[in-house]
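Residues per chain, in single letters:
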Amino acid sequence: MNILFIMYDQLRFDYLSCAGHPHLETPNFDRVAAMGVRFTNAFCQSPICGSSRMSFYTGRYASSHGAQWNGFPLRVGEQTLGDHLRAVGMDAWLIGKTHMKADADGMARLGLAPDSVIGARQAECGFDVWVRDDGLWGEGPDGFYDEKRSPYNEYLKSKGYDGHNPWADFANAGIEDGEKASGWMFENADKPANIREEDSETPWLTSETLRFIAEAKGPWCAHVSYIKPHWPYIVPAPYHAMYGANHVLAASRHEAERADPHPVFDAFMSNKIATAFQQEDVRQKVIPAYMGLIKQCDDQLGRILDELERSGQLGQTMIVLTSDHGDYLGDHWLGEKDLFHNPSVKIPMIVYDPREPANATRGTTCDALVEAIDLAPTFLDFAGGDIPDHILEGRSLHPWLHGETTEWRSYVISEYDYSVTPMRDVVGVTNRDARLFMVFDGRYKLIHAEGGFRPMLFDLKNDPEEFHDLAKSDSYTDVIARLYDHLSAWGRRMSQRVTRSDAEINAMHGRSARRGIMPFLKDGSEVPPELTEKYRGPVAQDYVSKTGQDADDQ
């Protein structure tokens, strides 16, 4: 059995035809949904790329693994999906993006050479690397955003694309009047990228995936991690022209959101990306390109599914389709991600389990409250391993995949650390207070902001668009208190006792009495004689009497 773990970057949960999008047809996403279960209430653990991905890979909340924003290293020694799977005989391979930042200081402290097997795995989030390309090769006056080499740029150069950064010059730029029309500029989003479609990012990574499938020896877990439909919002022909203004859904936003907004929400509504997406002409150009990128992703998914079917591997491969977070696209007066409205924090999650017990749930949906951290224990369960629940904080999805009833969580949590953003200064908080927490119980969503602010509260039963912040009034104090109780209980979880399982602790219980430590006895009669046997019996030498005799002699 193998696992194909496919992640798309910044793919909204509702931009799939199986999720109800009225214009965007995604037959291959729908194909996997028809074979498996589509989870309709799945949430990421942080709505920012790096932190979210570290939660996927560790099976732990952001405050547990500590890598809470892009560029925050995942500390050396943190166990990841690859560590857990290799322990039960399954390899874990990376094909694409992780946004992993290695803990170089920690590795140096422990003497882990980056070019050793263990050092390379520590530096690559526990994966063995087939090909890693984080896919954002933007270049500014001080250099590139990504510091690693770009296999994709090397591929483009081998195909004859000129320049030192063909990712920016061709894959993510169009042409206007003979000049580069960069995809970084929203006004160019409607232009076709100046690249042969088969050489663009998504087909390239798909070809790498097919090469892996043809050459890999199982059992394996392949994490295929696409950079798209993440910005820059530009796509090659014919995808650039598949959708137009008539396919752009009206922005889901309300003037009530701008009336006495929460200070943190207000700061994000005022940033550059938000003010850009508040302009309808930006949305009219960007969203068709975003849809074209998704359509291209769907077509490339079809290539993978067809190859699995052709090679007879479909029936032995679990397939997961998901995203690290969503994209506001102008909803709630915002762009990008970062906050906790559903367009940002809710993610697509489709799981196909090829085994016979999953037959009863094929083509169904599940509205259980699911978290991104649930995939790591699901994969380990699938691989036949025992789930170390003192380390993995998620839960296996197997009961839902197999049509079983099970006790489940009553709320989900997401976290966001905005300490490195300009919004920290706008709000006027310290680094340590620039943190947000979401708790959602399936109806009410509470957002807590450190720094002495009031919370935000939404009732998604009566206000599914999340327009009306109920915490502006005093009418929902009981609901707010109940959700704070959930957040408090979650905050008291056992998150750092990761070196001893409950079973190991139970086995240790009482053993110290049989290993030489005999404290706090009055006369020894309190315990069985065998425990004091080593401390009873005649003395071998009498230094007490000898010491007394020596004193008399003096």
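For the structure, check the block above.
The shown structure was predicted, so the numbers you read here are calculated from the model rather than taken from an experiment.

Quick notes on the pairing of strand E12 (residues 349-352)
Burial along E12 is two-sided: the residues Met349 and Val351 and Ile350 and Tyr352 are all buried. Bridge count between strand E2 (residues 37-39) and E12: two bridges; the pairing is antiparallel. Note on E12: the bridge partner recorded for valine 37 is valine 351.

Comments concerning the packing of helix H1 (residues 27-35) against helix H12 (residues 280-310)
Relative to each other, H1 and H12 sit at 50°, their axes nearing to 7 Å. In terms of their interaxial angle, H1 and H12 are classed as oblique. Contact residues: Pro27, Asn28, Phe29, Arg31 and Val32 in H1; Lys295, Asp298, Asp299, Leu301, Gly302, Leu305, Asp306 and Glu309 in H12. For the contact of H1 with H12, the class distribution of residues is five nonpolar, two polar and six charged.

So, the packing of helix H9 (residues 201-215) against H12
The N-to-C vectors of H9 and H12 enclose an angle of 15°; their axes lie 10 Å apart at closest approach. Classed by the angle they form, the pair H9 and H12 counts as roughly parallel. In this structure, the crossing between H9 and H12 has a hand that is right-handed. Of H12, the residues touching H9 (which contributes Thr202, Pro203, Thr206, Ser207, Thr209, Leu210 and Ile213) are Gln296, Cys297, Gln300, Arg303, Ile304, Glu307 and Leu308. Taken together, the residues of the contact of H9 with H12 sort by class into six nonpolar, six polar and two charged.

Re the pattern of salt bridges
Taken as a whole, this structure holds 36 salt bridges when the rule is applied. The closest approach of N and O atoms between lysine 97 and aspartate 9, which form a salt bridge, is 2.5 Å. Separated by 88 residues along the polypeptide, lysine 97 in the loop between strand E4 (91-96) and helix H5 (104-110) and aspartate 9 in strand E1 (residues 2-9) bring together distant segments of the chain. In this structure, arginine 75 engages glutamate 78 in a salt bridge whose closest nitrogen and oxygen atoms are separated by 3.0 Å.

Thresholds applied
Note that residues are indexed from 1 along each chain, following the sequence as it is written. Reporting of local features is limited, given that this is a predicted model, to residues whose pLDDT is at least 70; pairs of side-chain atoms are given and counted only at 80 or more, and all residues count toward the totals for whole chains, interfaces and linings. Processing note: side-chain calculations cover all non-hydrogen atoms of the structure and skip hydrogens and water entirely. When accessible area is computed with a 1.4 Å probe and restricted to protein chains, residues below 20% of their type maximum are described as buried, those above 50% as exposed, and intermediate ones as partly exposed. Strands are runs of DSSP state E lasting at least two residues, helices are runs of H or I lasting at least four, and both sets are numbered from the N terminus onward. Should DSSP find at least two bridges between two strands, the strands are taken to pair. In this analysis an axis means a line fitted to C-alpha atoms, helices contributing only their contacting stretch, and an angle means the value between N-to-C directions, from 0 to 180 degrees. Note that the term roughly parallel is reserved for angles under 35 degrees, roughly antiparallel for angles over 145, roughly perpendicular for angles of 65 to 115, and oblique for everything else. For this analysis, residues touch if any pair of their heavy atoms sits within 4.5 Å. Asp, Glu, Lys and Arg are counted as charged, while Ala, Val, Leu, Ile, Met, Phe, Trp, Tyr, Cys and Pro are counted as nonpolar; the rest, among them Gly, fall into the polar class. Definitions for this section: a left-handed crossing has its near helix turned counterclockwise from the far helix by less than a right angle. A right-handed crossing has that turn clockwise. Any carboxyl oxygen of Asp or Glu that lies within 4 Å of a side-chain nitrogen of Lys or Arg is treated as forming a salt bridge with it.

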